[in-house]
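Each chain, written out:
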Amino acid sequence: MNKILVIAGHPDYKSSVANKAILNEFHQLVPSADIVYLDAEYPDFNIDVAREQKRLVEADTVVFEFPFWWYSAPSLMRRYFELVLSHGFAYGSTGTALHGKKVVFSFTAGAPETAYSPEGYQHFMMQQFIPQFRALSNLCGLEWQEPVISFGMMLLDPDDKEAAERFYAEVKSHADRLAKAVI
Ligand SMILES: Cc1cc2nc3c(=O)[nH]c(=O)nc-3n(C[C@H](O)[C@H](O)[C@H](O)COP(=O)(O)O)c2cc1C
């Protein structure tokens, strides 16, 4: 059996629109997946390393799900990486616990895709921000899968019907792509 673990790294799901909706939709598609909401379990960033490492060991496929913040993962997700993916567990000569597990990075960007180009206001392509995640996965012996990314995921005016329709269509598409990536 393919045991799927989703580490949900949004620092505040109460204020989340996109990631909350994506995870709800994804859970309907893949009800067997375990979703760990880091903000609910560790509001003070005091991550229980042994508990999280056990969860990883028991999983076959790991998803890191978060909003793209300052061209990376938010601090809570990064704190998880810093603490849980430790030397001797996730990397180093004896750190083989994660070898061969599939990993999917799944995230939402507020800026539209067109912004992520040399001509756009972000100046860089989204592909140029991905190596940080890929390098982490490589070092941990995780089996890299194509990331699942959505752009333009800020619903500025929920009363704008067209914008809301586009937004929720993208939520659905993201959840579908993620479900396909993990199965
Ligand atoms: C602190 C912060 C930093 C952000 N940095 C970026 C960024 O670097 N690139 C980008 O496209 N959007 C950025 N955004 C927009 C978020 O990616 C967007 O609000 C999020 O994906 C929406 O998901 P949510 O509704 O689940 O919070 C940032 C938002 C915040 C609050």
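Reading the values: the criteria
Residues numbered from 1 in each chain as written. Predicted model: local features only at pLDDT ≥ 70, side-chain atom pairs only at ≥ 80, totals over all residues. Heavy atoms only, no water. Helix = DSSP H or I, 4+ residues; strand = E, 2+ residues; numbered from the N terminus. Rg over C-alpha atoms; globule rule 2.2 N^0.38 Å. Areas by Shrake-Rupley, 256 points an atom, 1.4 Å probe, with all protein chains shown as cover. Near = heavy atom within 4 Å. Polar contact = N/O pair within 3.5 Å; in protein donor to acceptor, adjacent residues only side chain to side chain. Nonpolar A, V, L, I, M, F, W, Y, C, P; charged D, E, K, R; others polar. Buried < 20%, exposed > 50% of the residue type's maximum accessible area, 1.4 Å probe, protein only. Arc of directions from axis to C-beta. Patch = residues over 30% accessible without salt bridge, like charges linked within 9 Å, V, L, I, M, F, W, Y side chains within 5 Å. Salt bridge = Lys/Arg side-chain N within 4 Å of Asp/Glu carboxyl O. Lys, Arg positive; Asp, Glu negative; His and termini not counted. Charge placed at Lys NZ, Arg CZ, Asp CG, Glu CD. Axes fitted to C-alpha atoms, helices over the stretch in contact; angles between N-to-C directions. Parallel < 35°, antiparallel > 145°, perpendicular 65-115°, else oblique. Left-handed = near helix turned anticlockwise from the far one by under 90°. Contact = heavy atoms within 4.5 Å. Core = buried A, V, L, I, M, F, W, Y, C linked by side-chain atoms within 4.5 Å. Pairing = 2+ DSSP bridges. Right-handed = clockwise from strand over helix to strand, strands pointing away.

Details of the overall build of the chain
Here comes step 1: What the chain contains, in helices and strands, is six helices and six strands.
Here comes step 2: Listed by position from the N terminus, the elements making up the chain come as β-α-β-α-α-β-α-β-α-β-β-α.
Here comes step 3: On C-alpha atoms alone, the chain measures out to a radius of gyration of 16 Å, which is about the 16 Å that the 2.2 N^0.38 rule sets for 183 residues.
Here comes step 4: The dimensions of the chain, computed from C-alpha atoms along their principal axes, are 50 × 35 × 35 Å.
Here comes step 5: When the accessible surface of the chain is totalled, it reaches about 9400 Å², and 55% of it is carbon and sulfur.

Thoughts on the site of the ligand
Here comes step 1: If you check the shell around the ligand, you find 17 residues, and the closest are Ser16, Asn19, Phe68, Thr108 and Tyr116.
Here comes step 2: At 2.8 Å, a backbone N or O of valine 17 approaches an oxygen atom of the ligand.
Here comes step 3: Alanine 18 places a polar main-chain atom, nitrogen or oxygen, 2.8 Å from an oxygen atom of the ligand.
Here comes step 4: The protein chains hide 78% of the 640 Å² of surface that the ligand would expose on its own.
Here comes step 5: Looking at the shell around the ligand, its residues break down into 12 nonpolar, five polar and no charged.

Observations regarding helix H4 (residues 75-84)
Here comes step 1: Among all positions of H4, only Leu76, Met77, Tyr80, Phe81 and Val84 are buried. An end-on view of H4 places all buried positions within 150° of arc, on one side of the element.

A look at a negative patch on the surface
Here comes step 1: A surface patch of like charges, here negative, comprises Asp157, Asp159, Asp160, Glu162 and Glu165.
Here comes step 2: Relative to the helices and strands, glutamate 162 is located in helix H6 (residues 161-182).

Let's talk about the packing of helix H1 (residues 18-29) against H6
Here comes step 1: Contact geometry of H1 with H6 gives a least axis separation of 8 Å together with a crossing angle of 50°. Considered as vectors, H1 and H6 are oriented oblique to each other. As H1 runs across H6, the sense of the crossing is right-handed. On H6, the residues touching Ala18, Ala21, Ile22, Glu25, Phe26 and Leu29 of H1 are Phe167, Tyr168, Val171, Lys172, His174, Ala175, Asp176, Leu178, Ala179 and Val182.

Digging into the nonpolar core
Here comes step 1: Ranked by size, the top nonpolar core spans 39 residues in total, and within it Leu56, Phe64, Met77, Tyr80, Phe81, Phe105 and Met126 carry the most contacts.
Here comes step 2: Here this core gets five residues from one element, more than from any other, and that element is H4.
Here comes step 3: The contacts of tyrosine 80, once residues within four sequence positions are left out, are Ile7, Leu38, Ile47, Glu52, Leu56, Phe64 and Leu85.
Here comes step 4: Among the nonpolar cores identified, the runner-up in size contains 17 residues, and Val6, Ile35, Ala175 and Val182 belong to it.

Some details on unusual backbone geometry
Here comes step 1: The phi dihedral of phenylalanine 45 is positive, around 65°, even though this residue is not glycine.
Here comes step 2: Among the structural elements, phenylalanine 45 can be located in the loop between helix H2 (38-41) and helix H3 (49-58).
Here comes step 3: By relative accessible area, which is 30% here, phenylalanine 45 ends up partly exposed.
Here comes step 4: Of note in this structure, histidine 123 is not a glycine but carries a positive phi near 70°.
Here comes step 5: Tracing the chain through its elements places histidine 123 in the loop between strand S4 (102-108) and helix H5 (131-139).

Focus: the pairing of strand S3 (residues 61-67)
Here comes step 1: When you tally the buried positions in S3, you get seven out of seven residues, the bulk of the element.
Here comes step 2: Side-chain alternation along S3 places Thr61, Val63, Glu65 and Pro67 on one buried face and Val62, Phe64 and Phe66 on a second face that is also buried.
Here comes step 3: As defined by bridge partners, strand S1 (residues 4-8) adjoins S3 across five bridges and the pair is classed as parallel. Residue pairing in the sheet places valine 6 in a bridge with valine 63 of S3.
Here comes step 4: For S3 and S4, the ladder comprises seven bridges, and the chain directions are parallel. When the sheet's bridge partners are listed, valine 62 is paired in S4 with valine 103.
Here comes step 5: The parallel pair S3 and S4, bridged by H4, forms a crossover whose chirality is right-handed.

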